[in-house]
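Topology and contacts: notes
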Amino acid sequence: MGRPPLPIGTYGAVRYYRTSTGWRATTKFRDFDGRTRPVERAGRTKTAADRALKVALRERAQTAGGGDVTPETLFRDVAELWFQAVSEAVEQGSRSPGTAGTYRSILDRQVLPGLGAFRVRELTVAPLDRFLITVRRSTGLATAKTARSVISGVIGLAVRHGALSSNPVRDTSPLEAGRKKGPRALTTEEREQWFAQLDADQVAVRKDLPDLCRFMLATGVRIGEALGVYWSDVDMDTATVRIDHTVLRVKGEGLRRSPTKTAAGERTLPLPSWVVSILRERARGEDGPVFADALGGLRDPSNTMADLREARGTDGFAWVTSHVFRKTAATILDEAGLTARLIADQLGHSKPSMTQDVYLGRKVVSPATAAALEGAAVKPPTGVSCG
């Protein structure tokens, strides 16, 4: 039986020969086209020849496949290749700029400082597990989960290039939270108190928060989607609004009005009459953002959320965020008997299960359940205690 071939991207034993001018180091390298070719380098000393050969082999491993990833490639280099693909997906419209911005931030702040110097072959379960546990302890569960997704994407690229046989991220410890709090929605009384407080707050009124909150409550849209609505998206006659854009901040570019993240996010929503009346009073006959900044341009969602935090105070409504109006709208629709599919369509979710698990603030079960079970009564015999 013949000697097995070298693995792709590796070299065999190195041999050294003395020459008239010094030394020559030679070996055989199996290129990425499957062919094995001789590679040699010379030097004045044996050590110099060996060093020159190793440099040549390393460069060959990194470039022979036209940018291919090998077991010796540094994680930071694979990460840049992966993020380049993410950026291209953003340009093609299949990825959200906001997602790309989040990934870039996590890469720069967490992943590359912790794993950037590792080589692909060194990325085993143990160091990845230690890293993710450290991230969770230092920055929280949400950041650790995003870091895990980023690392998995980067290593997935290495797997597709044949540098690893499988993705070790899959075998790291699950990142789980304790018992999750159920979604909380504003009750009728809380809604009345919230808007009374907001309408009486002159700073909140100046920052246009009462109408914005009412619009989010009436539609269930995300804050970025609300700020991305232009007057041309609103049809007063049919009482509808087209939701197909969102506002986000892109690093190095500023605010951008971008298409919604998914196809399910593109939707036309019917408007309650009371919010149509609000919009009619606001209309000025010019196109542009319905909820604009002081100069009439796009409004920053992050700054607007900060304004909401300031307006809610510290007592009573400290738990209220922009997403609470979305959850409240979903809960109102649920209590009205609408199906999960209809509510998911309203919120722009592709899966009703997402709507049910995350957005419906259910705590008190409907009395209708007791009425339905009334006929199932099996009473104990007279005089017999059940205790």
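If you're wondering where the values come from, they're calculated on a predicted model, not measured in any experiment.

Next up on the list: the pattern of salt bridges. One pass over the full model with this rule turns up 20 salt bridges. We note a salt bridge from Glu-40 to Arg-24, for which the minimum N-O separation is 3.2 Å. With Glu-40 in strand 3 (residues 36-43) and Arg-24 in strand 2 (residues 23-30), this pair connects stretches of sequence that are 16 residues apart. Judged by relative accessible area, Glu-40 falls into the partly exposed class, the value being 40%.

Spatial ordering of the open sheet is given by 4-5-8, a layout of three strands whose pairing is antiparallel. The outermost strands of the open sheet, each flanked by one partner alone, are strand 4 (234-235) and strand 8 (267-270). In the sheet, strand 5 (residues 240-243) pairs with strand 8 via four bridges, with the strands oriented antiparallel. Counted as the bridge partner of Arg-242 is Thr-268 from strand 8.

Strand order in this open sheet of three strands is 1-2-3, and the pairing throughout is antiparallel. Here the strands that pair on one side only, and so sit at the sheet edges, are strand 1 (15-18) and strand 3. On average, each strand axis in the sheet is tilted by 25 degrees relative to the strand beside it, whichever way the strands run. For strand 2 and strand 3, the ladder comprises eight bridges, and the chain directions are antiparallel. Across the sheet, the residue bridging to Thr-27 is Val-39, located in strand 3.

Here we take up the layout of surface pockets. Computed from the structure, the largest pocket encloses a volume of approximately 670 Å³. Together, 26 residues line the largest pocket, and Ser-96, Arg-222, Thr-246, Leu-248 and Lys-261 are the ones closest to its centre. Looking at the lining of the largest pocket element by element, the count peaks at four residues for strand 6 (residues 245-250). Looking at side-chain class alone, the lining of the largest pocket contains seven nonpolar, 14 polar and five charged residues.

So, about unusual backbone geometry. Despite not being glycine, Asp-208 has its phi angle at roughly 65 degrees, a positive value. Residue placement: Asp-208 occurs in the loop between helix 7 (202-206) and helix 8 (209-219). On the basis of relative accessible area, Asp-208 is assigned to the buried category, the value being 16%. Of note, Ala-239 is a non-glycine position whose phi angle comes to about 55 degrees, a positive value. As for its placement among the helices and strands, Ala-239 is situated in the loop between strand 4 and strand 5.

Turning our attention to the nonpolar core. Trp-194, Phe-215, Val-241, Leu-279 and Phe-325 are the most contacted members of the largest nonpolar core, which has 38 residues in total. Of all elements in the fold, only helix 6 (188-200), helix 8, helix 9 (223-227), strand 5, helix 10 (273-282), helix 11 (301-312) and helix 12 (322-335) reach the threshold of two or more residues within this core. Apart from residues no more than four positions distant in its own chain, Trp-194 is found in contact with Cys-213, Leu-308, Arg-312, Phe-317, Val-320 and Phe-325. The next biggest cluster of nonpolar side chains, apart from the first, holds 33 residues, and it includes Leu-123, Ala-144, Ala-158 and Leu-175.

So, about the pairing of strand 6. Bridge count between strand 6 and strand 7 (residues 254-259): six bridges; the pairing is antiparallel. Each bridged residue has a counterpart across the sheet, and for Val-247 the counterpart in strand 7 is Arg-257.

With that settled, consider helix 2 (residues 75-92). Between its first and last C-alpha, helix 2 extends 26 Å over 18 residues, near the 26 Å set by a 1.5 Å rise per residue. Listed in full, the buried residues belonging to helix 2 are Phe-75, Val-78, Ala-79, Trp-82, Phe-83, Val-86, Ala-89 and Val-90. Down the axis, helix 2 shows its buried residues gathered within 130 degrees of arc, on one side only. Along helix 2, the residues that are exposed and aim more than 90 degrees away from the buried face are Glu-91 and Gln-92.

Before going further, it helps to spend a moment on the packing of aromatic side chains. With the rule as written, the count across this model stands at four aromatic pairs. Judged by centre distance (5.5 Å) and plane angle (40 degrees), the rings of Trp-82 and Tyr-103 are tilted. Taken as a pair, Trp-82 in helix 2 and Tyr-103 in helix 3 (residues 97-115) lie far apart in primary sequence, 21 residues in all. Judged by relative accessible area, Trp-82 falls into the buried class, the value being 8%. Relative accessible area serves as the criterion here: at 15%, Tyr-103 is assigned to the buried category. Judged by centre distance (5.4 Å) and plane angle (85 degrees), the ring pair of Trp-194 and Phe-317 falls under edge-to-face. Of this pair, Trp-194 sits in helix 6 while Phe-317 is found in the loop between helix 11 and helix 12, placing the two residues 123 residues apart along the sequence. For Trp-194, a relative accessible area of 1% gives the class buried. An aromatic cluster of at least three residues, connected via ring pairs, comprises Trp-194, Phe-317 and Phe-325.

Time to look at the packing of helix 2 against helix 3. Between two packed helices, what matters for the description is the angle formed by their axes and the separation of those axes. Between helix 2 and helix 3, the shortest axis-to-axis distance is 10 Å and the interhelical angle comes to 175 degrees. Comparing the axis directions of helix 2 and helix 3 gives the class roughly antiparallel. Side by side, helix 2 and helix 3 meet where Phe-75, Arg-76, Ala-79, Glu-80, Trp-82, Phe-83, Val-86 and Val-90 of the first sit next to Pro-97, Ala-100, Tyr-103, Arg-104, Leu-107, Val-111, Leu-112 and Leu-115 of the second. Split by residue class, the contact of helix 2 with helix 3 holds 13 nonpolar, no polar and three charged.

Definitions and limits used
- Residues numbered from 1 in each chain as written.
- Predicted model: local features only at pLDDT ≥ 70, side-chain atom pairs only at ≥ 80, totals over all residues.
- Heavy atoms only, no water.
- Salt bridge = Lys/Arg side-chain N within 4 Å of Asp/Glu carboxyl O.
- Helix = DSSP H or I, 4+ residues; strand = E, 2+ residues; numbered from the N terminus.
- Buried < 20%, exposed > 50% of the residue type's maximum accessible area, 1.4 Å probe, protein only.
- Pairing = 2+ DSSP bridges.
- Axes fitted to C-alpha atoms, helices over the stretch in contact; angles between N-to-C directions.
- 1 Å grid on protein atoms, 1.4 Å probe; cavity = no way out; pocket = protein on both sides within 12 Å on 5 of 7 lines; lining within 4 Å.
- Points joined across faces, edges and corners; volume = space filled by probe spheres on them.
- Nonpolar A, V, L, I, M, F, W, Y, C, P; charged D, E, K, R; others polar.
- Core = buried A, V, L, I, M, F, W, Y, C linked by side-chain atoms within 4.5 Å.
- Contact = heavy atoms within 4.5 Å.
- Expected span 1.5 Å × (residues − 1).
- Arc of directions from axis to C-beta.
- Phe/Tyr/Trp six-rings, centres within 6.5 Å; stacked < 30°, edge-to-face > 60°.
- Parallel < 35°, antiparallel > 145°, perpendicular 65-115°, else oblique.

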